[in-house]
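Coordinate analysis (summary)
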Amino acid sequence: MRLYVGSDHAGFALKEHVREHLEHEGYEVVDVGTHTEESVDYPDFARQVGEAVAAGDADYGVLVCGSGLGMAIAANKVDGVRAVQVMDTEMAKMSRMHNDANIVTLAGRYTEPEIADAIVDTFLATAFEGGRHQNRVDKIAAIEHEG
Ligand code: RB5
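Being a predicted model, the structure only gives us computed values, none of them experimental.

1. Digging into the packing of aromatic side chains
- Within the structure shown, the criterion is met by one aromatic pair.
- Against the face of Phe123 rests Arg96, its NZ or CZ located 5.9 Å from the ring centre.

Here you go:
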């Protein structure tokens, strides 16, 4: 499974931690940056990861900013992205089972590294339930395509 990860300066430290964790778990990880704590703009990284996921270059994406909120807002502007800001494993599980989320965003300023690891592990291990939820996800896509 190939993952794209990215962050801004406020998510840099947690992104580094999560990337190392994912590599240790055996995932192929592409890190689009940022690579320092110098101030940058989170939409630049949300766009890169979102476009990789939407194009099928990545199976899933992980984005980290201070709150995770801006990353989710920006990534969701890419057609085909279903990005969710997640603070615990239960929501990570639900976002996959019911929403077929393809990007998880994390809060670098509010989420402990061990919790972040557990969130991404749960996110990546949980399958979409399909069935009645497929119809609902299709309706989300229809909003993108039909306006
Ligand atoms: C940067 O200060 C902060 O606004 C950003 O990391 C993120 O939390 C935005 O949603």
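2. Some thoughts on the nonpolar core
- In terms of nonpolar packing, the biggest core is built from 20 residues, with Val18, Leu22, Val62, Val104, Leu106, Val120 and Phe123 touching the most fellow members.
- Elements with a contribution of two residues or more to this core: strand 1 (2-7), helix 1 (12-24), strand 3 (60-65), strand 5 (103-107) and helix 5 (113-125).
- The greatest single-element share of this core, amounting to five residues, is contributed by helix 5.
- In contact with Val104, other than residues within four places in its own chain, are Gly61, Val62, Leu63, Val84, Val86, Ile119, Val120 and Phe123.
- Listed in part, the 17 residues of the second largest apolar core include Val53, Val78, Val81 and Ala83.

3. Some details on the side chain of Arg19
- Inspection of the secondary structure puts Arg19 in helix 1.
- Those residues in contact with Arg19 that sit more than four places away from it in its chain are Val5, Val29 and Asp31.

4. Considering unusual backbone geometry
- With an omega of 5 degrees, the peptide bond running from Gly33 to Thr34 counts as cis.
- Structurally, the position occupied by Thr34 is in the loop between strand 2 (28-31) and helix 2 (42-55).
- Even without a glycine there, the phi angle at Asp100 is positive, about 50 degrees.
- If you trace the backbone, Asp100 turns up in the loop between helix 4 (89-97) and strand 5.

5. Quick notes on the site of the ligand
- Looking at the ligand, the residues that line it are Asp8, His9, Ala10, Tyr42, Cys65, Gly66, Ser67, Gly70 and Arg109.
- Gly70 has a polar backbone atom sitting 2.9 Å from an oxygen atom of the ligand.
- Separating an oxygen atom of the ligand from a side-chain N or O atom of Arg109 is a distance of 3.4 Å.
- Protein contact buries 71% of the 290 Å² of open area that the ligand shows by itself.
- A per-class count over the shell around the ligand returns three nonpolar, four polar and two charged.

6. Overview of the pairing of strand 5
- The element strand 5 is largely enclosed, with a buried count of five among its five residues.
- Neither face of strand 5 is left uncovered, since the one carrying Ile103, Thr105 and Ala107 and the one carrying Val104 and Leu106 both have all their residues buried.
- Two strands pair when backbone bridges link them, and strand 3 and strand 5 are joined in this way by five bridges, in the parallel orientation. Residue pairing for strand 5: Val62 is matched across the bridge by Val104.
- Taking the sense of rotation as the criterion, the β-α-β connection linking strand 4 (residues 83-85), helix 4 and strand 5 turns out right-handed.

7. Side note on the pattern of salt bridges
- Under the criterion given, the structure shown has nine salt bridges.
- Taking the shortest distance from any N to any O, the salt bridge between Lys15 and Glu16 comes out at 2.8 Å. A single burial state applies to Lys15 and to Glu16, both of which are buried.
- Put simply, Asp100 and Arg96 hold a salt bridge, and the shortest N to O gap is 2.8 Å. Neither residue differs from the other here; Asp100 and Arg96 are each classed as buried.
- Overlapping salt bridges, with partners in common, bring together Lys15, Glu16, Arg19, Glu23 and Asp31 in one network.

What counts as what
- Residues numbered from 1 in each chain as written.
- Predicted model: local features only at pLDDT ≥ 70, side-chain atom pairs only at ≥ 80, totals over all residues.
- Heavy atoms only, no water.
- Phe/Tyr/Trp six-rings, centres within 6.5 Å; stacked < 30°, edge-to-face > 60°.
- Lys NZ or Arg CZ within 6 Å of the ring centre and 35° of its normal.
- Core = buried A, V, L, I, M, F, W, Y, C linked by side-chain atoms within 4.5 Å.
- Buried < 20%, exposed > 50% of the residue type's maximum accessible area, 1.4 Å probe, protein only.
- Helix = DSSP H or I, 4+ residues; strand = E, 2+ residues; numbered from the N terminus.
- Contact = heavy atoms within 4.5 Å.
- Near = heavy atom within 4 Å.
- Polar contact = N/O pair within 3.5 Å; in protein donor to acceptor, adjacent residues only side chain to side chain.
- Areas by Shrake-Rupley, 256 points an atom, 1.4 Å probe, with all protein chains shown as cover.
- Nonpolar A, V, L, I, M, F, W, Y, C, P; charged D, E, K, R; others polar.
- Pairing = 2+ DSSP bridges.
- Right-handed = clockwise from strand over helix to strand, strands pointing away.
- Salt bridge = Lys/Arg side-chain N within 4 Å of Asp/Glu carboxyl O.

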